[in-house]
Amino acid sequence: MPELPEVEVVRRGLAEHVVGRTVESVTVTHPRSVRRHLEGSADLAARLTGRRVESAERRGKYLWFTFDEPDIALVVHLGMSGQMLVQPADAPVEKHAHIRATLHDGAELRFVDQRTFGGWALAPLVEVDGSLLPESVAHIARDPLDPHFELDAAVAALRAKQSEIKRVLLDQSVISGVGNIYADESLWRARLHGNRLASGLTRPALRTLLTEVGAVMGDALAAGGTSFDALYVNVNGQSGYFERSLAVYGREDEPCRRCGAPIVRERFMNRSSYSCPRCQRKPHHR
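What counts and how
- For every chain, the first residue of its written sequence is number 1, and the numbers climb from 1 along that sequence.
- Local features in this predicted model are restricted to residues whose pLDDT is 70 or higher, and side-chain atom pairs enter the listing and the counts only when it is 80 or higher, whereas totals over whole chains, interfaces and linings include all residues.
- Excluded from the side-chain calculation are hydrogens and water; included are all heavy atoms of the structure.
- The way it works is that DSSP assigns letters per residue, a run of H or I at least four long becomes a helix, a run of E at least two long becomes a strand, and they are numbered from the N terminus.
- We compute the radius of gyration over the C-alpha atoms and compare it with the globule rule, which gives 2.2 Å times the number of residues raised to the power 0.38.
- Burial here depends on accessible area, computed with a 1.4 Å probe over protein chains only, as a share of the maximum for the residue type. Under 20% is buried, over 50% is exposed, and the range in between is partly exposed.
- Whether two residues touch is decided by their heavy atoms; if any such pair falls within 4.5 Å, the residues are in contact.
- To pair, rings of Phe, Tyr and Trp, with the six-membered ring standing in for Trp, must have centres within 6.5 Å; the planes then decide the type, stacked if under 30 degrees apart, edge-to-face if over 60, and tilted in the middle.
- In this analysis the charged atom, NZ for Lys or CZ for Arg, is taken to sit over a ring once it is within 6 Å of the ring centre and within 35 degrees of the ring normal.
- In this analysis, the protein atoms alone were mapped onto a 1 Å grid. Cavities are point sets where a 1.4 Å probe fits without being able to get out; pockets are open sets with protein on both sides within 12 Å along at least five of seven lines; lining residues have an atom within 4 Å of a point.
- Grid points are joined across faces, edges and corners, and a volume is the space filled by probe spheres set on the points.
- Take a side-chain nitrogen of Lys or Arg and a carboxyl oxygen of Asp or Glu: if they are within 4 Å of each other, that pair is a salt bridge.

Draft legend 1. Examining the overall build of the chain more closely. Secondary structure assignment for the chain yields six helices and eleven strands. Relative to its length of 286 residues, the chain is compact, with a C-alpha radius of gyration of 20 Å against a globular reference of 19 Å. With the principal axes as the frame, the chain shows a C-alpha extent of 60 × 40 × 30 Å. A burial count over the chain gives 52% of its 286 residues as buried. Taking contacts inside the chain between residues at least 6 apart in sequence as the whole, the part at least 24 apart equals 63%.

Draft legend 2. Structural detail: the packing of aromatic side chains. Counted under the stated rule, the structure contains three aromatic pairs. Ring centres 6.3 Å apart and planes at 55° place the aromatic pair F111 and W120 in the tilted group. Assessed through its relative accessible area of 0%, F111 is described here as buried. Between R258 and the ring centre of W188, over which it is positioned, the NZ or CZ distance is 4.0 Å.

Draft legend 3. Here's a closer look at the layout of surface pockets. Volume-wise, the second largest pocket comes out at about 290 Å³. Along the wall of the second largest pocket there are 16 residues; nearest its centre are E57, R58, W64, S131 and D146.

Draft legend 4. Quick peek at the pattern of salt bridges. The full count for this structure, using the stated rule, is 22 salt bridges. A salt bridge links R58 to D143, with the nearest nitrogen and oxygen atoms 2.9 Å apart. One end of the pair, R58, is in strand β2 (residues 53-59); the other, D143, is in the loop between β9 (131-134) and α3 (151-159), and 85 residues separate them in sequence. We classify D143 as buried; its relative accessible area is 2%. Note that E252 is salt-bridged to R265, the shortest N-O span being 3.0 Å. Taken together, the positions of E252 in the loop between α6 (203-222) and β10 (264-268) and R265 in strand β10 put the pair 13 residues apart, joining distant regions of the chain. Ionic contacts of the salt-bridge type, sharing partners, join the residues E8, R11, R12, R58 and D143 into one network.

Draft legend 5. Quick look at unusual backbone geometry. Unusually for a residue other than glycine, T116 sits at a positive phi of about 55°. Along the chain, the position of T116 falls in the loop between β7 (108-113) and β8 (119-128). At M269, a residue that is not glycine, the phi angle is positive and equals roughly 50°. Looking at the element boundaries, M269 is found in the loop between β10 and β11 (271-275).

Have a look at this one:
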């Protein structure tokens, strides 16, 4: 699934190409793409029509638009394969374009979702820690790229968890934006094994880890994100290339870029974890 850098790449493209435009019409061709909007596709289309897009926002891996109607937001769930593409009106319609919003300048904002795990939904805006967030995103913590992210508070939240540090990194209510790829990359940079207990790590070790989380996300963002297949693209359909810089993720049996030991893959929460057995020693309690 897309993580923070991939979502931020999309958000920046939407800010450039959609913000300031007015929605003239909305067409929904797959009911699953609006299943989170309980009032249905006709209601979503009617409430968006005529609205001017004021901003494209993000917290962690969550993306939304605000409008000239001040108390409502359009939350975009990218799911596993969702794409937000801005296309000329006469461009061929993608096979899995399930929502199409025509803008006043003639361009179309298309939600393309092959696996239909994503979708659009309207949500009221609520105030949380000084920010307006969609109600459905209110439980999501700030991420390390947020200018208001508080490092010491995040360290304290991590140390309070009696769980493995990788599992805690993936908890979006503690720190947002981190998924499987960037958790593995950050842990490698910090020389920590993901099975270490968060509560057993020192404050300096956790500060280092969170600093590396921010650094790896910044590097990925500069590279346009990580694109493992054609589904992860920006609003112009272009892929990111951070995959070329990954140190451990997806590199089983390849040499560690730091010490040369072969990278190992282990099962973790129905997916995989990648680490260096020499740089990231397993804890004794496992």
